[in-house]
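Structural description and commentary
Next come the chains, spelled out residue by residue.
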Amino acid sequence: MSTVRLFLDIPLAADRAVPLERDHAHYLFNVMRLGQGDEILVFNGQDGEWAAVVAETAKKRGVLALSKQTRAQTELPDIELLFAPIKKARTDFIVEKACELGCRRLRPVFTQHTNSERLNLPRLRAHMIEAAEQCDGLSVPVLEEPLKLRDVLAGWKDRMLIFCNEARSAPEISAALASFPRGKAASILIGPEGGFSPTEMEAIGSLDAAVPVSLGPRVLRADTAAVAALAVVQSRLGDW
Ligand code: SAH
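Source: prediction; values computed, not measured.

Roughly 730 Å³ of internal volume is contained in the largest pocket. Along the walls of the largest pocket sit 26 residues, with Leu6, Phe7, His24, Ile129 and Glu133 positioned nearest its centre. Elements represented by at least two residues in the lining of the largest pocket include exactly strand S1 (5-7), strand S2 (17-19), helix H1 (22-31) and helix H3 (121-134). With five residues, the single largest contributor to the lining of the largest pocket is H3. Grouping the constituent residues of the lining of the largest pocket by class yields 14 nonpolar, five polar and seven charged. A domain split of the lining of the largest pocket shows at least three residues from each of domain 1 (5-71) and domain 2 (79-237).

It is common to report an interface's size as the accessible area lost on association of the parts. For the chain, the assigned domains read domain 1 (5-71) and domain 2 (79-237). The gap between the C-alpha centroids of domain 1 and domain 2 is 33 Å. Listed by partner, the interface residues are eight residues for domain 1 and eight residues for domain 2. Counting the surface lost from both domain 1 and domain 2, the interface buries some 730 Å², and carbon and sulfur atoms represent 58% of this. Where domain 1 meets domain 2, there are one salt bridge. A salt bridge links arginine 5 to aspartate 136; the nearest nitrogen and oxygen atoms lie 3.4 Å apart. At the boundary of domain 1 and domain 2, one finds seven residue pairs in polar contact (both at pLDDT 80 or more). Among the elements that make up the side of domain 1 that touches domain 2, the one with the highest residue count is S1 (three residues). When the residues that make up the side of domain 1 that touches domain 2 are grouped by side-chain class, the tally is three nonpolar, two polar and three charged.

Analysis parameters
- Residues numbered from 1 in each chain as written.
- Predicted model: local features only at pLDDT ≥ 70, side-chain atom pairs only at ≥ 80, totals over all residues.
- Heavy atoms only, no water.
- 1 Å grid on protein atoms, 1.4 Å probe; cavity = no way out; pocket = protein on both sides within 12 Å on 5 of 7 lines; lining within 4 Å.
- Points joined across faces, edges and corners; volume = space filled by probe spheres on them.
- Helix = DSSP H or I, 4+ residues; strand = E, 2+ residues; numbered from the N terminus.
- Nonpolar A, V, L, I, M, F, W, Y, C, P; charged D, E, K, R; others polar.
- Domains from an automatic or database assignment.
- Contact = heavy atoms within 4.5 Å.
- Buried area = accessible area lost by both parts, 1.4 Å probe.
- Salt bridge = Lys/Arg side-chain N within 4 Å of Asp/Glu carboxyl O.
- Polar contact = N/O pair within 3.5 Å; in protein donor to acceptor, adjacent residues only side chain to side chain.

The structure is reproduced here in structure tokens:
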């Protein structure tokens with residue numbers, strides 16, 4: 001079984017004793033059945049990954065002792081995913097897979113055809129932390145407060161906006177990105193299940209920074225489109 005990894009929202013440094021919160025103590029001692037002397041790995045998105053030994057156990061608390069840094073901090077590629085929230089389980093899927101595939105920021109946007117107007121951000125953040133813990137991540141992407149697509153577009157500057165457009169006329173995504181260098185900052189925009197409205201299509205298309213792309217001849221569901229686009233963008237511009 002692989003070593004347990006925990007995201008801790010505190011500074012990590014040599015010889016630090018870390019008091020555990022109730023949920024972490026419960027997870028380590030009751031769920032994973034760890035005890036004194038067992039080793040886990042911890043990270044906080046800033047100080048790399050550290051080996052930590054269980055120094056004290058208690059029913060609702062405990063203490064970890066940090067021993068040594070096991071990996072230096074790295075940055076997530078400067079790739080953002082702008083997505084329209086869809087049904088709960090499918091939004092969970094988008095958020096989880098985006099963490100696994102690797103991106104720096106997730107930005108929910110409400111569009112004219114957005115099916116869902118509510119988003120439980122703390123729940124989604126918890127989901128993202130879990131994904132980062134499980135996929136050997138050193139950081140958790142930032143989950144932004146949702147904004148209206150209209151407002152996001154109105155303030156758009158020159159950051160590349162990879163506009164996933166199922167209309168047949170858009171060039172295929174990897175061809176469309178072929179001339180851009182690795183490491184280029186990019187945002188990916190995926191529409192809701194009902195697609196973008198004609199007004200939205202026009203507003204997106206009129207941005208100089210927009211690069212319309214196709215994800216192939218089949219219309220994908222929004223969650224599939226997010227994963228497919230992120231995979232191609234990661235492999236062309238990101239850290240794959
Ligand atoms: N227009 C359709 C489908 C929307 S699919 C409808 O009215 O039901 C949801 C989103 O996934 C789209 O807005 C688009 O961003 C993305 N998408 C799906 N299939 C795609 C493809 N083949 N190429 C590019 N983007 C796609």
